[in-house]
Amino acid sequence: MSKGELTRQRIIAEAAPIFNQKGFEGTALSDLMRATGLEKGGIYRHFGNKQELAEGAFDHAWRLAIDTRFEGMQEISNAVDRLKQIVRNFRDRRSGLVPGGCPLLNTAIDSDDGNPRLRARARQALKSWSDRLQLIVEEGKRRGEVRADVDSAQLATLIIGTLEGSLMISRLRRDGNPIALACDHLEEHVESKVRVQ
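Residues numbered from 1 in each chain as written. Predicted model: local features only at pLDDT ≥ 70, side-chain atom pairs only at ≥ 80, totals over all residues. Heavy atoms only, no water.

As for the overall build of the chain
How we decide: Secondary structure elements follow DSSP: runs of H or I of four or more residues count as helices, runs of E of two or more count as strands, with numbering from the N terminus. Exposed residues in this analysis have more than 50% of their type's maximum accessible area, buried residues have under 20%, and partly exposed residues fall in between, with area computed by a 1.4 Å probe over protein chains only. We call two residues in contact when some of their heavy atoms are within 4.5 Å. Only the protein chains shown count as cover for residues, and the accessible areas themselves come from Shrake-Rupley with a 1.4 Å probe. The charge count includes Lys and Arg as positive and Asp and Glu as negative, but it does not include His or the ends of the chains. Think of each charge as sitting on NZ of Lys, CZ of Arg, CG of Asp or CD of Glu.
The helix and strand inventory of the chain stands at nine helices and zero strands. Counting from the amino terminus, helix and strand elements in the chain follow one another as α-α-α-α-α-α-α-α-α. Along the first, second and third principal axes, the C-alpha atoms of the chain reach 60 × 40 × 30 Å. Counting over 197 residues, the chain shows a buried share of 46%. Sequence separation of 24 or more characterises 69% of the internal contacts of the chain that already satisfy a separation of 6 or more. Of the roughly 10400 Å² of accessible surface on the chain, a fraction of 51% belongs to carbon and sulfur atoms. Of the charged side chains in the chain, 31 are positive and 28 negative; the average position of the first set lies 3 Å away from that of the second.

Shown next, in the form of structure tokens:
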């Protein structure tokens, strides 16, 4: 990696928490300059504009989040156990993520009415998460681990919606109980309604 690319990646990593916490409109150039230690020209030497930097920051934050959510999957062969591990990862593996909460939830809300390019990125992130969950379910069906009547797209939507909704409630209340309750419910659901008995 060239020195310029290393600097670009460093700027993205340092800008990601700011965009994730303040949103696109709430992030000022002075915030970015303070975080990176660079002047305006030093930042914009590597990015065409604030939009390009925000998109890179979202991609960085989302990659960290999704990698953490799927951590440990390679050691688990059973599809239902993999789904349960994803739920546990969402609940338990919060350190090392970009500060400010889930970048998907934050960006979806922040960009809904005013930033179609960031909204498109959030929609693509949601689709990729859903697709990965659906692949696990379909593989489980083929191997006889997941009930044949389980709709993989609906289950993925249920898992994502329950996790993200509980995170929103937990953040508003500053209380981890909604996430714990949602995760317990999802684990029980996949055991009783998804796993082949």
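Some details on the pattern of salt bridges
Threshold: Whenever a carboxyl oxygen of Asp or Glu lies within 4 Å of a side-chain nitrogen of Lys or Arg, that contact is scored as a salt bridge.
One pass over the structure, following the stated rule, counts 23 salt bridges. One salt bridge connects Glu14 with Arg10, and the closest N-O pair in it is separated by 2.8 Å. Linking Glu14 with Arg10, this pair stays in helix H1 (residues 3-26), spanning four residues, or about one helical turn. Exposure remark for Glu14: the relative accessible area of 27% places this residue in the partly exposed category. Notably, a salt bridge pairs Glu187 with Arg91, separated by 3.6 Å at the nearest N-O pair. With a gap of 96 residues between them, Glu187 in helix H9 (residues 177-194) and Arg91 in helix H5 (residues 79-92) connect regions that are remote in the sequence. Residues joined by salt bridges that share partners form a network here, namely Arg88, Arg91, Asp92, Asp184 and Glu187.

Quick look at the nonpolar core
Buried together is how nonpolar side chains tend to be arranged in soluble globular proteins. This is how it is decided: Residues grouped as a nonpolar core are buried Ala, Val, Leu, Ile, Met, Phe, Trp, Tyr and Cys residues, joined through side-chain atoms within 4.5 Å.
In this structure, Leu53, Trp62, Leu83, Trp129 and Leu133 are the most contacted members of the largest nonpolar core, which totals 51 residues. If you list the elements that add at least two residues to this core, you get H1, helix H4 (50-69), H5, helix H6 (103-111), helix H7 (116-142), helix H8 (152-173) and H9. Of all the elements, H4 adds the most residues to this core, at eight residues. Those residues in contact with Trp62 that sit more than four places away from it in its chain are Arg69, Cys102, Pro103, Leu104, Ala125, Ser128 and Trp129.

With respect to the packing of H4 against H7
Note the following rule: Only the contacting stretch of a helix is used when fitting its axis, a line to C-alpha atoms as for every element, and angles between N-to-C directions run 0 to 180 degrees. What sets the label is the angle itself: under 35 degrees gives roughly parallel, over 145 gives roughly antiparallel, 65 to 115 gives roughly perpendicular, and the rest give oblique. Here is the rule for handedness: rotate from the far helix to the near one, and if that takes an anticlockwise turn smaller than a right angle the crossing is left-handed, while a clockwise turn gives right-handed. Amino acid classes used here: Ala, Val, Leu, Ile, Met, Phe, Trp, Tyr, Cys and Pro are nonpolar; Asp, Glu, Lys and Arg are charged; the rest, including Gly, are polar.
Put simply, H4 and H7 touch, their axes get as near as 10 Å, and they point 15 degrees apart. Taken together, the axes of H4 and H7 are roughly parallel relative to one another. For the crossing formed where H4 meets H7, the hand is right-handed. Contact with H4, carried on its side by Gln51, Ala54, Glu55, Phe58, Asp59, Trp62, Ile66 and Arg69, involves Arg117, Leu118, Arg121, Ala122, Ala125, Ser128, Trp129 and Arg132 of H7 and no other residues of that element. For the contact of H4 with H7, the class distribution of residues is eight nonpolar, two polar and six charged.

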